[in-house]
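Analysis of the macromolecular model
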Number of protein chains: 4
Amino acid sequence: MRKIIIGIFGPGETATPSDRENAYNLGQLVARQDWILLTGGRKVGVMDAASRGAKSAGGLTIGILPGNDSDDVSDAVDLAIATGLGNARNSINALTARVVVACGMGLGTASEVALGLKNGKKVILLNSTQAAETFFLSLAPELISIAKDPESAIDLIKYILKQ
Amino acid sequence: MRKIIIGIFGPGETATPSDRENAYNLGQLVARQDWILLTGGRKVGVMDAASRGAKSAGGLTIGILPGNDSDDVSDAVDLAIATGLGNARNSINALTARVVVACGMGLGTASEVALGLKNGKKVILLNSTQAAETFFLSLAPELISIAKDPESAIDLIKYILKQ
Amino acid sequence: MRKIIIGIFGPGETATPSDRENAYNLGQLVARQDWILLTGGRKVGVMDAASRGAKSAGGLTIGILPGNDSDDVSDAVDLAIATGLGNARNSINALTARVVVACGMGLGTASEVALGLKNGKKVILLNSTQAAETFFLSLAPELISIAKDPESAIDLIKYILKQ
Amino acid sequence: MRKIIIGIFGPGETATPSDRENAYNLGQLVARQDWILLTGGRKVGVMDAASRGAKSAGGLTIGILPGNDSDDVSDAVDLAIATGLGNARNSINALTARVVVACGMGLGTASEVALGLKNGKKVILLNSTQAAETFFLSLAPELISIAKDPESAIDLIKYILKQ
């Protein structure tokens, strides 16, 4: 039976401690809802933290990797999808997630948010910047929500899934 | 913990009854080994039959879809990865599968076998044609095995995973 | 001999008259420098206007299309590259352009700017929004320039190519 | 005005002297017809030889590269399209070429032929193997032609373009 896949995207090497903490907590809460976690899969930053959070709650984790193999995969990824596409894999992330949560902000994350919105996905910004919120709200106000913490992000996802 | 992903690829609309029967049985046997099944995800041919087989044995199934959404997905796919890449997604199939099994033969399947071999993957041909066996053996004899039935394919996969 | 490829990216259906006029003029000026024009290739908005501008000055135009064929191609595209990748082709745009010019702003354009910056490309914003300028400057100040008109964009490109 | 793009695909590192000689001659003949040459763009094997042949006759050459930049590009490629997609770029090759010519045979070439045929493209095999001819004729007899030398391949392309 089709599973609900929630995407948590965010910075890799440039993630802040706060980005990683939010990502861990969010990953944990996603898993507790029996949703599947989708990330960019690498062993760094938000991808790694969210996946570890989900595993700490017994969840299932998918990583959509930029590389050809599983060299750079988070240990907390159960299902490593090796795309070999580099950053073009961000488009798959945006298409596959039922709801996109951007935790923190960076250039790759910005591309995932933009492509998600372009495909009509609801996007939740968590621990983002004022500049990012203003920019994305200017482009797609009806698709963007701002979450003040991981718990609120979960409430927003629940609301979106009911629509 | 990283799961073992086995790819079963084969014709869609042009699959023969024998291709579908082999795919169903093979999907079932893959699931019984606690391996994860990867297919091209569409609701037709070998992709659909293998996924239904795996679900009949309680397995977990991933579908790497050519389209942007889940319109054309097999009901037996648990995790629908919407790539939006068309047939370029065949490259992801070839990279993500730990072992590639081609069940039957067609043009898309041929591209997955060729790309799998190019990436150094072991490929098992099941219910293939003499022309396909001769061709792929001529290009990568050390990576190709011929299975006479689904049970033999499973034995070959077990042997490959031990290497 | 390797040609210099300049990418002009911008909104399609949602392009404003001012976006299209700037794109036409910029395409013309790019062609006069003997640079090759790269766009997203579709018969609409900035892609179409920039390509028509370049052709009006005898330039050569490449279109990196999202689709499988040339159904939706601008008549002013000489070389239609059919990717079949949907919006994942935006990553190719960002990688192939020696310099990226975003003319106007939209969701697809935002993804091209973000991916260009992520790959270390210099990006020039023309006819953009305050929100876009603030956002991208916050992420990669050393790679972003703001052009006040097409002529200034050309001067910026010349300066970048000399580095 | 839309240009006619002819794809010449074949082995890289494993190309035989005969593959490279045929590719060079074919590239030259393609350029003399004022067709644009498309290859995989790398500085090796059939891609490099065909591009050099086309340049020797004053033609224009496009290279669809697997990598992120132009590090590995043939010196004879005018327009380097950096896809960053690895072998998934073979799908773009197959979609963009108006006619596909496979010069020699290898695993990457096999994937381009298979994907070309899957997209309904006419494919010409030159300097191929008996096993390849038999295999692809078994899958798409109406789309495959066998050329005995580069001149015959050009005659076949002319015939196909008139259809």
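Overview of the structure.

Conventions used here
Residues numbered from 1 in each chain as written. Chains lettered and ligands numbered in written order. Predicted model: local features only at pLDDT ≥ 70, side-chain atom pairs only at ≥ 80, totals over all residues. Heavy atoms only, no water. Least-squares fit on C-alpha atoms with pLDDT ≥ 70 in both. Contact = heavy atoms within 4.5 Å. Pairing = 2+ DSSP bridges. Helix = DSSP H or I, 4+ residues; strand = E, 2+ residues; numbered from the N terminus. Axes fitted to C-alpha atoms, helices over the stretch in contact; angles between N-to-C directions. Buried area = accessible area lost by both parts, 1.4 Å probe. Polar contact = N/O pair within 3.5 Å; in protein donor to acceptor, adjacent residues only side chain to side chain. Nonpolar A, V, L, I, M, F, W, Y, C, P; charged D, E, K, R; others polar. Phe/Tyr/Trp six-rings, centres within 6.5 Å; stacked < 30°, edge-to-face > 60°. Buried < 20%, exposed > 50% of the residue type's maximum accessible area, 1.4 Å probe, protein only. Expected span 1.5 Å × (residues − 1).

With an RMSD of 0.0 Å, chain A superimposes on chain B once it is rotated by 180° and translated 0.0 Å along the axis. Such a combination of turn and shift is consistent with a two-fold rotation axis. A symmetric contact is evident, with 100% of the interface residues of chain A recurring at the interface of chain B.

This brings us to the sheet that holds strand β6 (residues 123-126) of chain B. All names here are of chain B. Pairing within the open sheet is parallel, and its seven strands lie in the order β4-β3-β2-β1-β5-β6-β7. The open sheet has two free edges, formed respectively by β4 (79-82) and β7 (144-147), since each of these has just one partner strand. Geometrically, the sheet is characterised by an average inter-axis angle of 25° between neighbouring strands, direction not taken into account.

Quick look at the interface of chain B and chain D now. Facing 22 residues of chain B, the contacting portion of chain D comprises 23 residues. Between chain B and chain D, roughly 1800 Å² of surface is buried when both sides are summed, and carbon and sulfur atoms account for 80% of that area. Here chain B is connected to chain D by zero residue pairs in polar contact (both at pLDDT 80 or more). Top element by residues in the side of chain B that touches chain D is helix α4 (residues 107-118) of chain B. It accounts for eight residues. Its residues placed into classes, the side of chain B that touches chain D shows 12 nonpolar, nine polar and one charged.

Least-squares fitting of chain B to chain D yields an RMSD of 0.0 Å, with the superposition described by an axial translation of 0.0 Å and a rotation of 180°. A share of 100% of the interface residues of chain B reappears at the interface of chain D, consistent with the copies meeting face to face through the same patch.

Quick look at the packing of aromatic side chains now. Per the counting criterion, the structure on display carries 10 aromatic pairs over all chains. Between A:Phe135 and A:Phe136, the ring centres sit 5.0 Å apart and the planes meet at 55°, which makes this aromatic pair tilted. Taking the relative accessible area as the measure of exposure, A:Phe136 reaches 1% and is therefore buried. Grouped by ring-pair contacts, the aromatic residues A:Phe135, A:Phe136, C:Phe135 and C:Phe136 constitute a single cluster.

Further remarks concern the pairing of strand β2 (residues 36-39) of chain C. Residues and elements named next belong to chain C. Here β2 shows no split at all, with Ile36 and Leu38 on one side and Leu37 and Thr39 on the other all buried. When strand β1 (residues 5-9) meets β2, the two strands line up parallel, connected through three bridges. Directly across from Ile6, in β2, lies its bridge partner Leu37. The pairing of β2 with strand β3 (residues 61-65) spans three bridges and is classified as parallel. Its bridge partner lying in β3, Thr39 is registered against Gly63.

This part is about the sheet that holds strand β2 (residues 36-39) of chain D. Residues and elements named next belong to chain D. Overall, parallel pairing links the seven strands, which are arranged β4-β3-β2-β1-β5-β6-β7 in an open sheet. Each having just a single partner strand, β4 (79-82) and β7 (144-147) make up the two edges of the open sheet. Between one strand and the next, the sheet's axes are offset by a mean angle of 25°, whatever the strand orientation. In the packing of helix α4 (residues 107-118) onto the sheet, contacts are made with β1 (5-9), β5 (99-103), β6 (123-126) and β7, and the angle to β6 comes to roughly 150°.

The next subject is helix α6 (residues 150-162) of chain C. All names here are of chain C. The terminal C-alpha atoms of α6, which comprises 13 residues, lie 19 Å apart, in line with the 18 Å expected from a rise of 1.5 Å per residue. Those residues of α6 not exposed but buried are Pro150, Ser152, Ala153, Ile154, Ile157, Ile160 and Leu161. Next to the buried residues of α6 lie β1, α1 (17-32), β5 (99-103), β6 (123-126) and β7 (144-147).

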